[in-house]
Amino acid sequence: QVQLVESGGGLVQAGGSLRLSCAASGRTFSIYQMGWFRQAPGKEREFVAAIEWSGITTYYADSVKGRFTISRDNAQTTVYLQMNSLKLEDTAAYYCAARRQLIYEYWGQGTRVTVSS
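A quick note: this is a predicted structure, and the numbers were derived from the prediction, not measured.

### Considerations on the confidence of the model for the chain
Low-pLDDT stretches of the model should not have their predicted coordinates read in fine detail.
Phase 1 of the analysis: Scored by pLDDT, the chain comes out at a mean of 94, with 99% of its residues at no less than 70.
Phase 2 of the analysis: Strand E7 (residues 68-73) is the least confidently modelled element of the chain, averaging 94 in pLDDT, while strand E11 (residues 111-116) averages 98, the highest of any element.

Quick look at the structure:
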């Protein structure tokens, strides 16, 4: 099993920045990739960014490219999502997830990000 705990959400003005953290524990050696997803009220959950456990390859949704950066701290098995130039439409609950193979099977409890005008 893998446990994921997110932190770092909050209220920020449009144009501001936040950094989300996801601390992984348990059988982390089995992880292939970790990702961030988000779900806005009344909308489906959507992919935001992902990073391979090696830290070499990253992936981003078009809507956040150039504004968000995903990274991994090897020593602390923590994955970060640096969010800059935040927009109103970035308001959502953000979830960290991990997968060993094809699907994301481990999820955190989520952290809420609210961007105000």
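### Points about the side chain of Arg-67
Phase 1 of the analysis: As for its placement among the helices and strands, Arg-67 is situated in the loop between strand E6 (58-60) and E7.
Phase 2 of the analysis: Overall, the relative accessible area of 10% leaves Arg-67 in the buried class.
Phase 3 of the analysis: Polar contacts involving the side chain of Arg-67 include one to the main-chain carbonyl oxygen of Ser-63, which spans 2.9 Å.
Phase 4 of the analysis: Among the polar contacts made by the side chain of Arg-67, one reaches the main-chain carbonyl oxygen of Ser-85 at a distance of 3.0 Å.
Phase 5 of the analysis: Once you skip the residues sitting within four places of it in the chain, Arg-67 turns out to touch Gln-82, Met-83, Asn-84, Ser-85, Leu-86, Lys-87 and Asp-90.

### Focus: the environment of Tyr-80
Phase 1 of the analysis: Turning to its location among the elements, Tyr-80 is positioned in strand E8 (residues 78-83).
Phase 2 of the analysis: Look at Tyr-80 and you get buried, because its relative accessible area is 12%.
Phase 3 of the analysis: When near neighbours in sequence (up to four residues on either side) are disregarded, Tyr-80 contacts Arg-19, Leu-20, Ser-21, Trp-36, Thr-69, Ile-70, Ser-71 and Asp-73.

### As for the pattern of salt bridges
Phase 1 of the analysis: Evaluated as defined, the whole model comprises 5 salt bridges.
Phase 2 of the analysis: A salt bridge links Glu-46 to Arg-38; the shortest N-O distance between them is 2.6 Å.
Phase 3 of the analysis: On the basis of relative accessibility, which here comes to 35%, the residue Glu-46 falls in the partly exposed class.
Phase 4 of the analysis: Salt-bridge contacts for Asp-90 lead to Arg-67; the nearest nitrogen and oxygen are separated by 2.7 Å. Remark: Arg-67 occurs in the loop between E6 and E7 and Asp-90 occurs in the loop between E8 and strand E9 (92-99); sequence separation between them is 23 residues. Here the two residues Asp-90 and Arg-67 agree in accessibility, since each one is buried.
Phase 5 of the analysis: It is possible to trace a salt-bridge network through shared partners that takes in Arg-38, Glu-46, Arg-67 and Asp-90.

### Quick notes on the packing of aromatic side chains
Phase 1 of the analysis: Per the counting criterion, the structure on display carries 4 aromatic pairs.
Phase 2 of the analysis: Ring plane angle 75° and centroid distance 5.7 Å describe the contact between Phe-37 and Phe-47, whose orientation is recorded as edge-to-face. Note that Phe-37 is positioned in strand E4 (residues 33-39) and Phe-47 in strand E5 (residues 46-52), a separation of 10 residues in sequence.
Phase 3 of the analysis: Overall, Phe-47 belongs to the partly exposed group, its relative accessible area being 31%.
Phase 4 of the analysis: Judged by centre distance (5.1 Å) and plane angle (80°), the ring pair of Phe-37 and Tyr-104 falls under edge-to-face.

How each quantity is defined
- Counting restarts for each chain: residues are numbered from 1 in the order of the written sequence.
- Owing to the predicted nature of the model, reporting of local features is limited to residues with pLDDT of at least 70; listing and counting of side-chain atom pairs is limited to 80 or more, with chain, interface and lining totals taken over all residues.
- Only hydrogens and water are set aside when side-chain values are computed; all heavy atoms of the structure are taken into account.
- pLDDT measures how confident the predictor is about each residue, on a scale from 0 to 100.
- Starting at the N terminus, helices and strands are each numbered in turn, a helix being any DSSP run of H or I of at least four residues and a strand any DSSP run of E of at least two.
- For each residue, the accessible area found with a 1.4 Å probe, counting protein chains only, is set against the maximum for its type, and the residue is called buried under 20%, exposed over 50%, and partly exposed in between.
- Any pair of N or O atoms that falls within 3.5 Å is considered a polar contact. Within protein, one atom must be able to donate a hydrogen and the other to accept it, and sequence-neighbouring residues count only if both atoms are side-chain atoms.
- The contact criterion used throughout is that any non-hydrogen atoms of two residues lie within 4.5 Å.
- The salt bridge definition used is simple: a Lys or Arg side-chain nitrogen within 4 Å of an Asp or Glu carboxyl oxygen.
- Here is the rule: rings of Phe, Tyr and Trp (six-membered ring for Trp) pair when centre to centre is within 6.5 Å. Planes less than 30 degrees apart are stacked, more than 60 are edge-to-face, and the remainder are tilted.

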